[in-house]
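# Results of the structural survey
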Amino acid sequence: MARKKAERPDFGGPFPEHIAIIMDGNGRWAKGRGMRRVFGHKEGIGSVREITTECAALGVKSLTLYAFSVENWKRPKPEVAFLMSLLEEFLVKERPTLMDNAVRLRAIGRIDDLPSDALARLRETETLTAANDGMLLRLALSYGARTEIADALKAFARDLQAGRADAGSIDEETLRRYLYDPATPDPDLLIRTSGEMRISNFLLWQISYAEIYVAKECWPEFRTPQLHAALADYAKRVRKFGGLVSDAPEASESKA
Ligand code: IPE
Ligand code: IPE
Ligand code: MG
């Protein structure tokens, strides 16, 4: 299959380079249809494929998907086991789609917590896709933002002890360098599905100035039209980063 050509519709304003998604509501989607929760997870894979392909075609540079949190290990053992086998299957079955769309896959999180088979498939898929020059797809696996910050602090303390770091020069950029994937710019747009208005320990450092969009649909029903609705909403946002909009009269007054 040939790589889909980018035909980006005009969303009427700025377009995000990095989109992060909290893929929520799989269980509710299934329950609402009289099915067990795991069917929601299975159906959710279809959304992962469609949203990844569409984002790549639209020219999104990075897509970060929250797939499994450090807190999700608390779920019943059979559900965790199902999610891990689904991940393993995904990492093999989606290889042609990733290659066709020139997508590079990378994981962030406490990856070593994953079962050995899933971890092996993950490393293989990362290696296979490493030279792709299209979109970066980051899967957050066994991910927690507080854990990420604690891990960063631990790594910094080690460097300090070894004389490789200097406590006096710590600034925001120093801390960023110790996070899981410092080279990827922060998300511009954070989407959460299923109407839930919380962050659930996702990218706390990196979303400081992300625009937040909550979709009412559960993740299995979040597809291309729902993504386009989020992008159209983003296009209308005015990002100020604490400053003033540069073309507003007040902004030039304050500069004078
Ligand atoms: C998201 O769906 C998938 C994971 C967190 C792994 P949920 O499983 O959280 O579904 P709800 O929120 O219970 O409906
Ligand atoms: C967030 O969803 C984690 C993922 C989407 C992987 P949860 O369903 O775990 O979050 P809470 O428990 O509703 O906050
Ligand atoms: Mg949930």
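The preceding data block contains the structure.
Residues numbered from 1 in each chain as written. Chains lettered and ligands numbered in written order. Predicted model: local features only at pLDDT ≥ 70, side-chain atom pairs only at ≥ 80, totals over all residues. Heavy atoms only, no water.

Another point: the side chain of D159. Structurally, D159 is set in helix α6 (residues 145-161). By relative accessible area, D159 is classed as buried at 16%. Not counting the four nearest positions on each side in its chain, D159 is found in contact with R164, A165 and Y178. (Helix = DSSP H or I, 4+ residues; strand = E, 2+ residues; numbered from the N terminus. Buried < 20%, exposed > 50% of the residue type's maximum accessible area, 1.4 Å probe, protein only. Contact = heavy atoms within 4.5 Å.)

Burial analysis of strand β1 (residues 18-22) places five of its five residues in the buried class, the great majority of the element. Across the two faces of β1 the burial is the same, with H18, A20 and I22 and I19 and I21 all buried. Sheet topology note: the β1/strand β2 (residues 62-69) ladder contains five bridges and is parallel. For I19, the partnering residue across the bridge sits in β2 and is L63. Direction of pairing for β1 relative to strand β5 (residues 189-192): parallel, over a ladder of four bridges. Each residue of the ladder has a partner; that of I21, found in β5, is I191. (Pairing = 2+ DSSP bridges.)

Per the stated rule, a full pass over the model turns up nine aromatic pairs. With 4.8 Å between their ring centres and 70° between their planes, F68 and W73 make a pair best called edge-to-face. With relative accessibility at 3%, the residue F68 sits in the buried group. Between Y209 and F241, the ring centres sit 5.3 Å apart and the planes meet at 50°, which makes this aromatic pair tilted. Residue Y209 is found in the loop between β5 and β6 (211-214), and its partner F241 is found in the loop between α8 (224-235) and α9 (249-255); the two are separated by 32 residues along the sequence. Pairwise contacts between aromatic rings join Y66, Y143, Y180 and F202 into one cluster. Just above the ring of F15 sits the side chain of R8; from NZ or CZ to the centre is 3.7 Å. (Phe/Tyr/Trp six-rings, centres within 6.5 Å; stacked < 30°, edge-to-face > 60°. Lys NZ or Arg CZ within 6 Å of the ring centre and 35° of its normal.)

Right, let's get into α8. A rise of 1.5 Å per residue sets the reference length of α8, with its twelve residues, at 16 Å; its end C-alpha atoms lie 16 Å apart and thus fit the reference within 8%. Every buried residue of α8 is listed here: T224, Q226, L227, A230, L231, Y234 and A235. Against the buried residues of α8 lie β1, α2 (37-58), β5 and β6. (Expected span 1.5 Å × (residues − 1).)

This brings us to empty space enclosed by the protein. This model, assessed by the stated rule, comprises two cavities of 30 Å³ or more. Computed from the structure, the largest cavity encloses a volume of approximately 80 Å³. Along the wall of the largest cavity there are 14 residues; nearest its centre are R138, D181, P182, T184 and Q206. Its residues assigned to classes, the lining of the largest cavity shows six nonpolar, three polar and five charged. By volume, the second largest cavity amounts to about 50 Å³. When contributions to the lining of the second largest cavity are tallied by element, the ones reaching two or more residues are α2 and α4 (95-100). A per-element tally of the lining of the second largest cavity places α2 first, with four residues. (1 Å grid on protein atoms, 1.4 Å probe; cavity = no way out; pocket = protein on both sides within 12 Å on 5 of 7 lines; lining within 4 Å. Points joined across faces, edges and corners; volume = space filled by probe spheres on them. Nonpolar A, V, L, I, M, F, W, Y, C, P; charged D, E, K, R; others polar.)

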